[in-house]
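Chain by chain, the residues:
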Amino acid sequence: MSMTVKLAAGSPFPAVAMPRLGGGEVAPASGNDWRLFIVYRGRHCPLCKIYLKTLNDLMDEFSAIGVSVMVASGDPEEKAAADLAEHGWRFPVGYAMTMAQMRMLGLYLSEPRSAQETDRPFPEPGLFLINPGGQLQIIDISNAPFARPDLAGIARGAKRIQEMNYPIRGTLV
């Protein structure tokens, strides 16, 4: 078993970047705005599609509060492109996230249950809200597809954090 890191609340988001469908890259550490970065398991995961549909439906709310949204998985380009074509997501989609990048983010990793599921190890869900200073404001890491934060709650929370200049929580070690 390989060890993964535990990202500290308030620490800088790691400088990871993945290729982006349509060109360029998904680089959550870049920018000086609020950023929501979600790692999804991949094309094989039906629960990811439900979650990302909800995210897509909330894009106007995130935009209204100045939060840029981006997602990524370890899927190869053709699988990520098939998902985008099928679901019409409005957010940037990164692909080909490496195992080293997944570990840098402290994600749980899983082996496929069968070749029918997928053909490579993949990340379990992760959600990161990054503030304009590049710091991790909210971190949520799950080891299974069944536990994920409520995205409408994340949007409300991000708005409240901005309105109140709410501090980063969970920084005591």
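Residues numbered from 1 in each chain as written. Predicted model: local features only at pLDDT ≥ 70, side-chain atom pairs only at ≥ 80, totals over all residues. Heavy atoms only, no water.

S.K.: Sorry, what's going on with a nonpolar patch on the surface here?
M.R.: On the surface, Leu47, Ile50 and Phe146 cluster together to form a nonpolar patch covering roughly 340 Å² of accessible area. Its location among the elements puts leucine 47 in helix α1 (residues 46-57). (Patch = residues over 30% accessible without salt bridge, like charges linked within 9 Å, V, L, I, M, F, W, Y side chains within 5 Å. Areas by Shrake-Rupley, 256 points an atom, 1.4 Å probe, with all protein chains shown as cover. Salt bridge = Lys/Arg side-chain N within 4 Å of Asp/Glu carboxyl O. Helix = DSSP H or I, 4+ residues; strand = E, 2+ residues; numbered from the N terminus.)

S.K.: Even after reading the chapter, I still don't get the side chain of aspartate 75, so can you show me in this structure?
M.R.: One can find aspartate 75 in the loop between β4 (67-72) and α3 (77-87). Within the buried core, aspartate 75 has no salt-bridge partner, and the shortest N-O distance to an opposite charge, that of lysine 79, equals 4.9 Å. Excluding anything up to four places from it in sequence, aspartate 75 contacts Gly42, Arg43, Ala80, Tyr95 and Ala96. (Buried < 20%, exposed > 50% of the residue type's maximum accessible area, 1.4 Å probe, protein only. Lys, Arg positive; Asp, Glu negative; His and termini not counted. Contact = heavy atoms within 4.5 Å.)

S.K.: What should I look at first to understand the environment of phenylalanine 91 in this one?
M.R.: Among the structural elements, phenylalanine 91 can be located in the loop between α3 and β5 (93-94). Sequence spacing of phenylalanine 91 and alanine 81 is 10 residues, and the spatial spacing of their C-alpha atoms is 13 Å. Non-local contacts of phenylalanine 91, meaning those with residues more than four positions away in its chain, are made with Leu52, Leu55, Asn56, Met59, Val69 and Val71.

S.K.: Any chance you could explain the sheet that holds strand β9 (residues 136-141) here in plain terms?
M.R.: Strand-to-strand pairing in sheets goes through backbone hydrogen bonds, with the strands running parallel or antiparallel. Taken together, the 5 strands give an open sheet; going across it, the order is β5-β4-β3-β8-β9, and neighbouring strands pair in mixed fashion. Each of the sheet's edge strands pairs with one partner strand only, and the pair in question is β5 and β9. Bridge analysis of strand β3 (residues 34-39) against strand β8 (residues 126-130) gives 5 bridges, and the strand direction is antiparallel. Across the sheet, residue arginine 35 finds its bridge partner in β8, namely isoleucine 130. The sheet contacts of α1 involve β3, β4 and β8, and relative to β3 the element is tilted by about 160°. (Pairing = 2+ DSSP bridges. Axes fitted to C-alpha atoms, helices over the stretch in contact; angles between N-to-C directions.)

S.K.: Sorry, what's going on with the packing of aromatic side chains here?
M.R.: The final tally for this structure, using the stated rule, is 5 aromatic pairs. When the ring of phenylalanine 37 is compared with that of phenylalanine 128, the centres are 6.2 Å apart and the planes differ by 25°; the resulting orientation is stacked. With a gap of 91 residues between them, phenylalanine 37 in strand β3 and phenylalanine 128 in strand β8 connect regions that are remote in the sequence. Residue phenylalanine 37 shares its accessibility class with phenylalanine 128, and that shared class is buried. Measuring from ring centre to ring centre gives 6.0 Å for tyrosine 40 and tryptophan 89, while their planes differ by 75°; the resulting arrangement is edge-to-face. (Phe/Tyr/Trp six-rings, centres within 6.5 Å; stacked < 30°, edge-to-face > 60°.)

S.K.: Whenever I open this one, empty space enclosed by the protein confuses me. Can you help?
M.R.: Where empty space is left in the structure can be found by rolling a water-sized probe over the atoms. Using the criterion set out here, one finds 1 cavity of 30 Å³ or more in the structure. Within this model, the largest cavity holds a volume of roughly 60 Å³. Secondary structure elements with two or more residues in the lining of the largest cavity: β3 and β8. Of the residues that constitute the lining of the largest cavity, the class distribution is 7 nonpolar, 2 polar and 2 charged. (1 Å grid on protein atoms, 1.4 Å probe; cavity = no way out; pocket = protein on both sides within 12 Å on 5 of 7 lines; lining within 4 Å. Points joined across faces, edges and corners; volume = space filled by probe spheres on them. Nonpolar A, V, L, I, M, F, W, Y, C, P; charged D, E, K, R; others polar.)

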